[in-house]
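What follows is each chain in one-letter form.
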Amino acid sequence: MITDPTGVSSDTRERTADSCGADSSGAATGPQRPPATAPPRAAPQRRRRRAHTPLDPRPSIPLTLVTGLVLVYTLLPLVWLVVNATKDQEDLLDSFGLWFGKDFQLWDNISRTLTYDDGAFVRWTLNTLLYVAAGAGGATLLAVLGGYALAVYEFPGRRAVFAVVIGAVAVPGTALAVPTFLMFSGMGLANTPWAVIIPSLVSPFGLYLMWVFTAQAVPSELLEAARIDGAGELRIFFRIALPLLMPGTVTVLLFSMVATWNNYFLPLIMIKDPDWYPLTLGLNAWSAQARTAGGEPVFDLIITGSLLTIAPIVVVFLLLQRYWQSGLAAGSVKE
Amino acid sequence: MSLLPAPAKAFPPSRSRSRTRRNALVGWGFAGPFAAVFALVFLAPIGYAFHLSLMRDRLIGGTSFVGADNYLQALTDARFWEGSARVGLFLLVQVPVMLGIALLVALAIDSGRLYGKAFFRVSVFLPYAVPAVVASLMWGFIYGTRFGLVGNLNDAFGLALPDPLSPPLVLASIGNVVTWEFVGYNTLIFYAALKVVPRSLYEAAAIDGAGEWRIVTAIKLPAIRSAVVIATIFSIIGSFQLFNEPNIMQNLAPNAITTDYTPNLYTYSLAFSGQQHNYAATIAIVMGVFTAVIAYAVQLRGMRKG
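Everything quoted here is computed from the prediction, not taken from an experiment. (Residues numbered from 1 in each chain as written. Chains lettered and ligands numbered in written order. Predicted model: local features only at pLDDT ≥ 70, side-chain atom pairs only at ≥ 80, totals over all residues. Heavy atoms only, no water.)

**A closer look at the overall build of chain B**
Scanning chain B from N- to C-terminus turns up 13 helices and two strands. Dimensions of chain B, computed from the C-alpha atoms along their principal axes, are close to 80 × 80 × 35 Å. Counting every position in chain B, which comprises 306 residues, the buried fraction comes to 57%. Pairs at least 24 apart in sequence give 66% of the contacts found in chain B among residues at least 6 apart. Just so you have it, chain B exposes about 13,300 Å², and 66% of that area is on carbon and sulfur atoms. (Helix = DSSP H or I, 4+ residues; strand = E, 2+ residues; numbered from the N terminus. Buried < 20%, exposed > 50% of the residue type's maximum accessible area, 1.4 Å probe, protein only. Contact = heavy atoms within 4.5 Å. Areas by Shrake-Rupley, 256 points an atom, 1.4 Å probe, with all protein chains shown as cover.)

Take a look at the structure:
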């Protein structure tokens, strides 16, 4: 039961080439569950998909081309970014945007980005990592515990918790910014890492996803059996539920990581000291610098810095796509 | 108001009365940490904002209670209404375009008729991983008529493309950045919803002689209706909150993007440049109520069956 719940089995590799990552992980987790308690939309239905050859029509060239236009639109700016990260400032101005310049300056650009202004970029990267580790890690932990509680226990105020949290999604985050800032400065937390980390700890979407996911993936009979065997609630959570919740947890972790890594508005308001900037604020500071009188325009560093900022998160997404795609599918189950 | 449907399984009936008490303790034990932080960073600021909105700082006499004065001021504030009209126009154009493209791409991927389906699915999502800062800077450079792609095209083909960062076009240019960022995300949401539609429905329809298009309109679209409604609501909320992209592109187009370009930019500049915390809190609350009312109306309309 507690074998690799993420379902990376040897045969999934080739299958993901033409079928969804969700399929393979679903198919791999399915057989490990007790059949009687398997949630209604688990593996069997997904396995069936490949059997339906009449419903697996031939690929269409026109459809691929039309959809390909959206793909070009999506990828063009990223290609532009990669190409222009290889140019020095002079080439940036002179050469065509979608092709390489005279010199290949990528390595030089990277080293100048990392060392410019006494290594500010490195400092910002470390800050970002701190915010992501504490903020996204904490947000995931709280969401998993809370979602599990909502799905498993009957307790007074449970429906209220759900209604309030989901209603809060409709409140513009930015509407809270001013009062949050004033509150945090009153507590002496503004301009410290805490001001970025604490608000990042709450993810209503994460709570919702974990709630739905727990309701599907953790059969109550299993918990009941463990209780009869005399296991405590904490032990049941860590030893039985948590392994079953892994795909959902990874999804929530990934989305909180992206949200924290990419956060701009919260640190913009909370952090005044450049030493505590995350990467997003730092890049914008470099961009604003070109406008100030006497400020050195560093377009080449902004472009290379942007590439360095998105590279880790893009890589993480590509590597873990099968997990978050199956987690998202769980979140979209209706009634 | 709940935006998302509650799963049917998730509220099981309680089994015995004796266990209720213990369950309550354990349940709150697990949910407590989330609830505590949530109260600190969501509920307390909302309450505090409301408190602030009823007060005003005066040069003489300090902070005093003014009742609804700030709200009355907001109702007649031209800068606020211009910003609101701008985001209203923005969402009327940008949201349907973005969701329309996302829906078409999701249906195309789901149809199984694309070459390199897996590549499409992953690539189209990539911009979601790109921070708004980087997306705005990147597009800002591309928009450049001097040395951006627009400038390149003008040079290469002797064109005189209009400046995307000029006042008449900058809203559309921002819309393009936002669309670029979130098309893939919405595609994934729709695609995930399509994945859980039982395939046997398509088979049954095909046996009954339904064509591909008929399956889309009669089965697939109704099946993902609630996903579409949720995506619409989140996009509307996002539009009303429009801040990051215009704030970052202000560096490139200071004349086109003013400090009150959107209500959120206005709130921000009131609070952090103008030191008008009370009025900023008022505007924020008015926008919050606006958003909630419109999101709720869309939900009521969208969830109505038939």
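**Quick word on the overall build of chain A**
Broken down by element type, chain A carries 17 helices and zero strands. Here chain A holds 335 residues, and 59% of them are scored as buried. With the model as given, the accessible surface of chain A reaches about 13,900 Å², and the carbon-plus-sulfur share is 66%.

**Topic: the environment of lysine 87 of chain A**
All names here are of chain A. Topologically, lysine 87 is positioned in the loop between helix H4 (61–84) and helix H5 (89–94). When the C-alpha positions of lysine 87 and leucine 307 are compared, they lie 13 Å apart, and in sequence the two are 220 residues distant. Filtering out sequence-adjacent residues up to four positions away, lysine 87 remains in contact with Leu92, Ser95, Phe96, Gly97, Trp99, Phe100, Gly101, Gln105, Asn109 and Asp300.

**Considering the confidence of the model for chain A**
Residues and elements named next belong to chain A. Here chain A averages 79 in pLDDT, and 79% of its residues register 70 or above. Put simply, helix H1 (residues 12–15) is where chain A has its lowest mean pLDDT, 36, and helix H9 (residues 193–200) is where it has its highest, 94. Confidence over residues 1–54 falls short of pLDDT 50; this stretch has 76 contacts with residues more than four positions distant or in other chains. (pLDDT = per-residue confidence, 0-100.)

**Regarding the nonpolar core**
Residues Tyr148 and Trp286 of chain A are the most contacted members of the largest nonpolar core, which totals 183 residues. Looking at this core element by element, the count peaks at 18 residues for helix H6 (residues 106–152) of chain A. Leave out the neighbours within four places in its chain, and tryptophan 286 of chain A touches Thr113, Tyr116, Phe121, Trp124, Val298, Leu301 and Ile302 of chain A. In this structure, Val197, Ala205, Ile215 and Ile219 of chain B belong to the second largest nonpolar core, which totals five residues. (Core = buried A, V, L, I, M, F, W, Y, C linked by side-chain atoms within 4.5 Å.)

**Some thoughts on the interface of chain A and chain B**
Taken residue by residue, the interface counts 125 residues in chain A and 110 residues in chain B. Linking chain A with chain B are zero salt bridges. Summed over the shared surface of chain A and chain B, the result is 11 residue pairs in polar contact (both at pLDDT 80 or more). In terms of residue count, H4 of chain A provides more of the side of chain A that touches chain B than any other element does, 15 residues in total. Split by residue class, the side of chain A that touches chain B holds 82 nonpolar, 29 polar and 14 charged. (Salt bridge = Lys/Arg side-chain N within 4 Å of Asp/Glu carboxyl O. Polar contact = N/O pair within 3.5 Å; in protein donor to acceptor, adjacent residues only side chain to side chain. Nonpolar A, V, L, I, M, F, W, Y, C, P; charged D, E, K, R; others polar.)

**Concerning the environment of alanine 292 of chain B**
Residue and element names in this part refer to chain B. Examined against the element boundaries, alanine 292 turns out to sit in helix H13 (residues 277–303). Take alanine 292: its relative accessible area is 24%, and that puts it in the partly exposed class. Sequence separation between alanine 292 and isoleucine 236 is 56 residues, and the spatial gap between their C-alpha atoms is 9.8 Å.

**Focus on unusual backbone geometry**
Residue and element names in this part refer to chain A. The backbone of aspartate 117 sits at a positive phi, close to 55°, despite the residue not being glycine. On the secondary structure map, aspartate 117 appears in helix H6. Of note, aspartate 118 is a non-glycine position whose phi angle comes to about 55°, a positive value. Inspection of the secondary structure puts aspartate 118 in helix H6.

**A look at the pattern of salt bridges**
Enumeration over the complete set of coordinates arrives at nine salt bridges over all chains. Between glutamate 233 of chain A and arginine 227 of chain A there is a salt bridge, with its nearest N and O atoms 2.8 Å apart. Taken as a pair, glutamate 233 of chain A and arginine 227 of chain A share a single burial class, namely buried. A salt bridge links aspartate 110 of chain B to arginine 199 of chain B; the nearest nitrogen and oxygen atoms lie 3.0 Å apart. Here the residue aspartate 110 of chain B occupies a position in helix H3 (residues 78–110), and arginine 199 of chain B occupies one in helix H8 (residues 199–207), the gap between them amounting to 89 residues. One exposure class covers both aspartate 110 of chain B and arginine 199 of chain B, and it is buried.

**Looking at the side chain of aspartate 300 of chain A**
Residues and elements named next belong to chain A. Its location among the elements puts aspartate 300 in helix H16 (residues 299–319). Owing to a relative accessible area of 5%, aspartate 300 belongs among the buried residues under this scheme. One polar contact links aspartate 300 to arginine 112, side chain to side chain, over a distance of 2.7 Å. With sequence-adjacent residues up to four places away left out, aspartate 300 is seen in contact with Lys87, Gln89, Leu92, Asn109 and Arg112.

**Here we look at the packing of H3 of chain B against helix H10 (residues 225–240) of chain B**
All names here are of chain B. Two elements in contact, H3 and H10, have axes separated by 10 Å at closest approach and are oriented at 145°. When you trace H3 past H10, the crossing you get is right-handed. Listed contacts from H10 to Val87, Phe90, Leu91, Gln94, Val95, Met98, Leu99 and Leu103 of H3 are Val228, Ala231, Thr232, Ser235, Ile236, Ser239 and Phe240. (Axes fitted to C-alpha atoms, helices over the stretch in contact; angles between N-to-C directions. Left-handed = near helix turned anticlockwise from the far one by under 90°.)

**Quick word on helix H6 (residues 149–157) of chain B**
Leu149, Val150, Gly151, Asn152 and Asn154 of chain B are the residues of H6 of chain B that are buried. Looking at the packing, one finds that the buried side of H6 of chain B touches H4 of chain A together with helix H5 (132–143) of chain B. Among the residues trailing H6 of chain B, glycine 158 of chain B stands out with phi positive, at a value near 60°.

**Re the side chain of threonine 67 of chain A**
Its place among the elements puts threonine 67 of chain A in helix H4. Each residue touching threonine 67 of chain A, except ones within four places of it in the same chain, is listed here: Val105, Ala108, Leu114 and Phe120 of chain B.

**Description of the environment of alanine 132 of chain B**
Residue and element names in this part refer to chain B. Along the chain, alanine 132 turns up in helix H5. Given a relative accessible area of 9%, alanine 132 falls into the buried group. Expressed as a C-alpha distance, the spacing of alanine 132 and glutamate 245, which sit 113 residues apart in the sequence, is 6.4 Å. In contact with alanine 132, not counting residues within four places along its chain, are Glu181, Asn244, Glu245 and Ile248.

**Describing the packing of aromatic side chains**
Counted by the stated rule, this structure contains 34 aromatic pairs over all chains. Centroid distance phenylalanine 155 of chain A to tryptophan 28 of chain B: 5.1 Å. Interplanar angle 65°. Geometry classified as edge-to-face. With phenylalanine 155 of chain A in the loop between H6 and helix H7 (158–168) and tryptophan 28 of chain B in helix H1 (residues 17–53), this residue pair bridges two chains. Judged by centre distance (5.3 Å) and plane angle (40°), the rings of phenylalanine 125 of chain B and tyrosine 128 of chain B are tilted. Over the ring of tyrosine 261 of chain B we find arginine 86 of chain B; its NZ or CZ atom is 4.3 Å from the centre of that ring. (Phe/Tyr/Trp six-rings, centres within 6.5 Å; stacked < 30°, edge-to-face > 60°. Lys NZ or Arg CZ within 6 Å of the ring centre and 35° of its normal.)

**Let's talk about H3 of chain B**
All names here are of chain B. Helix length check: H3 (33 residues) gives 47 Å between terminal C-alpha atoms against 48 Å at 1.5 Å per residue, within 8%. Roughly 25° is the biggest bend found in H3, and it falls at leucine 91. Capping the start of H3, aspartate 77 holds a side-chain oxygen 2.9 Å from the backbone nitrogen of arginine 79, two or three residues further along. Just beyond H3, the residue with positive phi is glycine 112, at close to 70°. (Expected span 1.5 Å × (residues − 1). Bend = angle between axes of the 7 residues up to and from the residue.)

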